[in-house]
Amino acid sequence: MAKPLYTVLLVMLLNNGGEPVAAQAAPAAHAPGAVPCSPTLYDTLRSVPDDVSLVQPVACKIELKHDDLVMTDLAFLGEEASGASLDCHGGIIGISGRPPKGAPPTIQISSVRGEDGKWSVPHDITIRNCKIYGSIRIMGLGPNGEAENVRQSSLNRNHTEFAQSAAPSDILLDNITIVADGPVPVYLSPGVTKVTLSHSVISGTTKGSGVYLDAESAHNVIADNRFDIHTRNREVLAVDGSAHNVIENNSFTDAEFGGIYLYRNCGEGGTIRHQTPQHNRISDNKFIYQGVVHPRPAIWMNATQPWQSFYCDEDPPAPFGSGADNRSFADYNTITNNVIVGGELRLIRDMGQHNTLTGNTAKPNPSQ
């Protein structure tokens, strides 16, 4: 089994200008697709695990039954998992209740770094028709923007390109229900591209956001979902240095602490953020406010929070990204035909430039 992805990305070479150049990601070896899982794996997933801290690797196509309960966390690791799929047919993954601190996600899709320093990257993975207690995390160089691998890579001009080449892509999450209890229920780590979250329900409670699109991620689709999740004090959907995403036809039924925020964290963890939250399309979403006295914005370009400024000086000076300019630059986004129920149109806040806002409306909440 490949090593889990928590190793340090080494800076291997220096270019003529004296800037570090990260090791290259392994080229994708687009496999024809995973084979069906063995009956043995199916029986293993349905059994009560001897050690609940173990994570079960999956690199095949498996179907559960509607009354199945899987109490083991699952991991789709590296190129070997490409083409794999999980169809629960209504079955359950995970156990209800707050996970212990430091526990892995209920389902993780991760790149792994081999002994030769190259990254093995999973792609074309489908998870559908599941009820999931806990969270899903999709990650390449590291679990978040503060990971050491990500920080080292961010010292290079080609960081965005490299992070995306080393991260999973073409992932479909369809018709799933996630019941969160603490961790962010759907987290797309730096560099993740072409993930679709569709026809799903995100519920429960989280100390973070409901969906987090981290730095250098791009070309993801969040469509036709219902967000019933309660956040402690964060926006439901974070677009943090993520670009070219489509967020459409979703409903946000508890937007008290904010709906969709576009920004770029500067310097947190000493990582230079390169990409800006631009060229996103946010359309035909519904934001429902129920009896909120001081609602936070439904959509906010260049969203600012007091805690964000704490980190802006932690990254090194550089002639690119947040190393050169800490501003978010949430520009050139398209915000169309969104509806705010129980709030005013001013809850769509544009503090960027060259954003297109058309057809957005506000109307009373009939339940109030």
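Please read all numbers here as calculations on a predicted model, not as lab measurements. Along each chain, numbering runs from 1 in the same order as the chain's sequence is written. For a predicted model such as this one, the threshold for reporting local features is a pLDDT of at least 70, and the threshold for listing and counting side-chain atom pairs is 80 or more; totals across whole chains, interfaces and linings nevertheless cover every residue. Calculation of side-chain values draws on the structure's entire complement of heavy atoms; hydrogens and water are dropped beforehand.

1. A look at the pairing of strand β24 (residues 237-240)
- Residue alternation in β24 divides its side chains into two sets, L237 and V239 and A238 and D240, and both sets are buried.
- In this description, strands pair whenever DSSP reports at least two bridges between them. Strands are runs of DSSP state E lasting at least 2 residues, helices are runs of H or I lasting at least 4, and numbering of each runs from the N terminus. Sheet analysis places β24 next to strand β27 (residues 260-263), joined by 4 bridges and oriented parallel. The partner of V239 across the bridge, within β27, is L262. When accessible area is computed with a 1.4 Å probe and restricted to protein chains, residues below 20% of their type maximum are described as buried, those above 50% as exposed, and intermediate ones as partly exposed.

2. Considering the pattern of salt bridges
- Any Lys or Arg side-chain nitrogen located within 4 Å of an Asp or Glu carboxyl oxygen qualifies as a salt bridge. Here the structure, examined in full by the defined rule, presents 9 salt bridges.
- The salt bridge involving R234 is made with E235; its shortest N-O contact spans 3.1 Å.
- In this structure, E344 engages R346 in a salt bridge whose closest nitrogen and oxygen atoms are separated by 2.6 Å.

3. Some points on the nonpolar core
- Buried Ala, Val, Leu, Ile, Met, Phe, Trp, Tyr and Cys residues that are joined via side-chain atoms within 4.5 Å together make up what is termed a nonpolar core. Core analysis: the biggest nonpolar cluster contains 61 residues, and F76, L86, L173 and L237 have the highest contact counts within it.
- Ranked by residues supplied to this core, first place goes to helix α1 (residues 39-46) with 3 residues.
- Here a residue-residue contact requires only that any non-hydrogen atoms of the pair lie within 4.5 Å. Dropping the residues within four chain positions of it, F76 is found in contact with V58, A81, A84, L86, I107, Q108, I109, S110, P122, I125 and I127.

4. Digging into unusual backbone geometry
- We note that N129 has phi near 60°; this positive angle belongs to a residue other than glycine.
- Its location among the elements puts N129 in the loop between β12 (123-128) and β13 (131-133).
- Residue N337 is not a glycine yet carries a positive backbone phi of 55°.
- On the secondary structure map, N337 appears in the loop between β31 (334-336) and β32 (339-341).
- We classify N337 as partly exposed; its relative accessible area is 38%.

5. Description of α1
- Taken together, the buried positions of α1 are L41, Y42 and L45. Projected down its long axis, α1 shows its buried positions confined to an angular sector of 100°, all on one face. Every exposed residue of α1 that faces more than 90 degrees away from the buried side is listed here: P39 and T40.
- Residues of α1 that are buried sit in contact with β3 (55-57), β4 (61-63), β5 (69-70) and β6 (73-77). Working note: the arc is built from the helix axis to C-beta atom directions.

6. Re the state of the cysteines
- Disulfide: a pair of cysteine sulfur atoms within 2.5 Å of each other. Taken as a whole and judged by the stated rule, the model has 2 disulfides.
- Residue pairing for C37: its cysteine sulfur links by disulfide to C60, the two sulfurs lying 1.9 Å apart. On the sign convention where negative means left-handed, the S-S torsion of about 95° between C37 and C60 marks this disulfide as right-handed. Residue C37 is found in the loop between β2 (20-22) and α1, and its partner C60 is found in the loop between β3 and β4; the two are separated by 23 residues along the sequence.

7. A short note on the sheet that holds strand β7 (residues 85-87)
- What the 10 strands build is an open sheet, ordered β4-β7-β12-β15-β18-β21-β25-β28-β31-β34; its pairing is parallel. Each edge of the sheet is formed by a strand with only one pairing partner; in this case those strands are β4 and β34 (356-358). Across the sheet, the mean angle separating the axes of adjacent strands is 5° when strand polarity is ignored.
- Relative to β7, β4 is paired through 3 bridges, and the arrangement is parallel. When the bridges of β7 are listed, E63 appears paired with D87. Axis definition: a line fit to C-alpha positions, over the contact stretch in the case of helices; interaxial angles, taken between N-to-C directions, run 0 to 180 degrees.

8. Observations concerning the environment of D87
- Within the element layout of this structure, D87 appears in strand β7.
- Residue D87 is classed as buried on the basis of its relative accessible area of 13%.
- The spacing of D87 and I127 is 40 residues in sequence and 6.0 Å in space, taken between C-alpha atoms.
- Setting aside residues up to four positions removed in sequence, D87 forms contacts with I62, E63, L64, R128 and N129.

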